[in-house]
Amino acid sequence: MKLGIVGLPNVGKSTLFNSLTKAGAESANYPFCTIDPNVGIVTVPDHRLDVLGEMHHSARIVPATIEFVDIAGLVKGASKGEGLGNQFLANIRECDAIVHVVRCFEDSNIIHVDGSIDPIRDIETINLELVFADLEVLERRQARVGKSAKIDKSLGKENELLQKLIAHLENGSPARSYEPEDEDEAALIKGYWLLTAKPVIYAANVAEDDLADDGQSNEMVQKVREFAAAENSEVFVISAQIEQEIAELEDDEKQEFLETLGLSESGLDKLIRASYHLLGLISFLTTGPDESRAWTIKNGSKAPQAAGKIHTDFERGFIKAEVVSYDDLVSNGGYAGAREKGLVRMEGKEYVVKDGDVIVFRFNV
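Residues numbered from 1 in each chain as written. Predicted model: local features only at pLDDT ≥ 70, side-chain atom pairs only at ≥ 80, totals over all residues. Heavy atoms only, no water.

> Looking at this structure, I do not really get the environment of Glu-291. What am I missing?
Structurally, the position occupied by Glu-291 is in strand 9 (residues 291–298). Classification of Glu-291 as buried rests on a relative accessible area of 15%. Between the alpha carbons of Glu-291 and His-57 there is a distance of 8.4 Å; along the sequence they are 234 residues apart. Ignoring sequence-local partners within four residues, the contact set of Glu-291 consists of Ser-58, Ala-59, Arg-60, Val-62 and Thr-286. A polar contact is formed between the side chain of Glu-291 and the side chain of Arg-60, at a distance of 2.8 Å. (Helix = DSSP H or I, 4+ residues; strand = E, 2+ residues; numbered from the N terminus. Buried < 20%, exposed > 50% of the residue type's maximum accessible area, 1.4 Å probe, protein only. Contact = heavy atoms within 4.5 Å. Polar contact = N/O pair within 3.5 Å; in protein donor to acceptor, adjacent residues only side chain to side chain.)

> Is there a simple way to explain the packing of aromatic side chains in this structure?
Aromatic rings in a pair are described by how distant their centres are and how their planes are angled relative to each other. By the definition in use, this model includes 5 aromatic pairs. Centre to centre, the rings of Phe-284 and Trp-295 are 6.4 Å apart; their planes meet at 15°, and the pair counts as stacked. Of this pair, Phe-284 sits in strand 8 (residues 281–286) while Trp-295 sits in strand 9; the two residues are 11 residues apart in sequence, bridging distant segments of the chain. Ring centres 5.9 Å apart and planes at 90° place the aromatic pair Phe-284 and Phe-361 in the edge-to-face group. Of the two residues, Phe-284 is situated in strand 8 and Phe-361 in strand 12 (residues 357–363); the sequence distance between them amounts to 77 residues. Taken individually, Phe-284 and Phe-361 each receive the classification buried, so the pair is uniform in this respect. Joined through ring pairs, the aromatic side chains of Phe-284, Trp-295, Phe-318 and Phe-361 make up one cluster. Sitting above the plane of the Phe-105 ring, Arg-103 keeps its charged end 4.5 Å from the centroid. (Phe/Tyr/Trp six-rings, centres within 6.5 Å; stacked < 30°, edge-to-face > 60°. Lys NZ or Arg CZ within 6 Å of the ring centre and 35° of its normal.)

Quick look at the structure:
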């Protein structure tokens, strides 16, 4: 999974990136501090892997990962070259989703590019720049396709789609709210790599005092939640500054620190949960002496598709999948106990993989 982090300058974007990835991205109190995109890879915490690893004496544990891309803060007019321009938007076109950091705290020591704190105005500023950047892509494409469609009639459908999409975006609506007429349209839209077609997770960046009640008493957070609900986006409340402090602690100290703040999970845990939910992702597991590993797939994937996540040969030559749920495997002390109770099943090509399934694939190429 690859997530792009966007936001206005000085909203806590790079501070959040630092804390999530420990990548040490430069973070300072002035616009455009982030010149080159910062990239960091984070492992997805999964206690199930530790249990399986111990159970099967695995030589290594391989968790799922998330790649974060942090770009320069965007300002009004970025799509037309203001600030550092839209050169950086290209760096997040291939991301699966966008994490939009929104400032929901007052602090006179941290300047705001627009002079005041207004999260909805800030969201709309960024969204408009993403729309403009997508329009530029679509208009260039339409100029080429429209000319060729006069000769090649097979391009007529794409030309019509481009005209509809351009009109949709010119109305200020993101591409994700456009309803494709059929699978062909959906496939074409996917190929354009539009920024506004990506699902969005809003990170409401608050002061420490607003963390304990998950921002319930913060009016700005409530406005962000209402805005996100209207477009079926996810929201999670975070304090980038506190996350940075958490990132500097050892694992055994983190939980104790969270408890002193009245928190049950870190911002990274919240973001991972929101990401998996928004993108419809689950994890299945494999385990043995060599490794215990988590594999991320789309919810609803069938066994051969899951097998293909490991290796294309597994999908091509798929025969059967030996499946047991993680809970059944652990509660019965391993495969022997689970088999004795008939909890290990052989599943075929139509089996829909569930989160926490522990699978051994049978294949022949």
